Amino acid sequence: LFAIRKERDGLRTDYKVPGFIGGLDGFEALEALTFQTTLNVQGLWSGQVEGTAKTVTPAEAHARIDIRIVPDQDPAAMVAALRAHLDRGGFDDVELIQLEGERAWWTPPGHPVVTTAARVSAEVTGKPCSIAVSMAGTVPKPP
């Protein structure tokens, strides 16, 4: 993946954004995307969400998030850090409900399972395969 990013604005082009937070660009942006923790907002909902029209002021709002951790981070410690961050911002009334929490792990890129999958993928598709160390998010889950 690193070898494909020769052009400075390639990552911005891929994501169709003018820039990244913190002024990161090029290799630095890709490195942060690959090796740093991310927090993803999966969904937001509040108020009347059914098909009928109602004039209501919502009493609560909901958000579903996931935190992509990297190796050597403890899921419970990351939830505690988010709780502390919300509290410092005056959001101590926000309830956090942890649904899952697994320690992060990475299969080494040179592992036989990875290299075999890449070889077979290239053979089946007829296109070269690239191996990425990590993804900046969580794979889709069934509802």
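Before reading further, recall that the structure is shown in the block above.
Residues numbered from 1 in each chain as written. Predicted model: local features only at pLDDT ≥ 70, side-chain atom pairs only at ≥ 80, totals over all residues. Heavy atoms only, no water.

Novice: What exactly am I supposed to notice about helix 3 (residues 75-88) here?
Specialist: In an α-helix, one full turn covers 3.6 residues, which means residues spaced three or four apart are oriented alike. Compared with the 20 Å implied by 1.5 Å per residue over 14 residues, the 20 Å span of helix 3 between its first and last C-alpha is a close match. Turning to helix 3, its buried residues number three or more, namely Pro 75, Met 78, Leu 82 and Leu 86. When helix 3 is viewed along its axis, its buried side chains cluster within an angular range of 80 degrees and face the same direction. Those residues of helix 3 that are buried are in contact with strand 1 (38-46) and strand 2 (61-68). At the C-terminal side of helix 3, Gly 90 shows a positive phi close to 85 degrees. (Helix = DSSP H or I, 4+ residues; strand = E, 2+ residues; numbered from the N terminus. Expected span 1.5 Å × (residues − 1). Buried < 20%, exposed > 50% of the residue type's maximum accessible area, 1.4 Å probe, protein only. Arc of directions from axis to C-beta. Contact = heavy atoms within 4.5 Å.)

Novice: Looking at this structure, how should I read the pattern of salt bridges?
Specialist: When the charged atoms of two side chains with opposite charge come close together, those side chains can pair. In total, this model carries four salt bridges according to the counting rule given. Measuring nitrogen to oxygen at the nearest pair gives 3.0 Å for the salt bridge that ties Arg 83 to Asp 87. On the criterion of helical spacing, the pair formed by Arg 83 and Asp 87 is a turn pair, its members being four residues apart in helix 3. What makes Arg 83 partly exposed here is its relative accessible area of 22%. On the basis of relative accessibility, which here comes to 35%, the residue Asp 87 falls in the partly exposed class. (Salt bridge = Lys/Arg side-chain N within 4 Å of Asp/Glu carboxyl O.)

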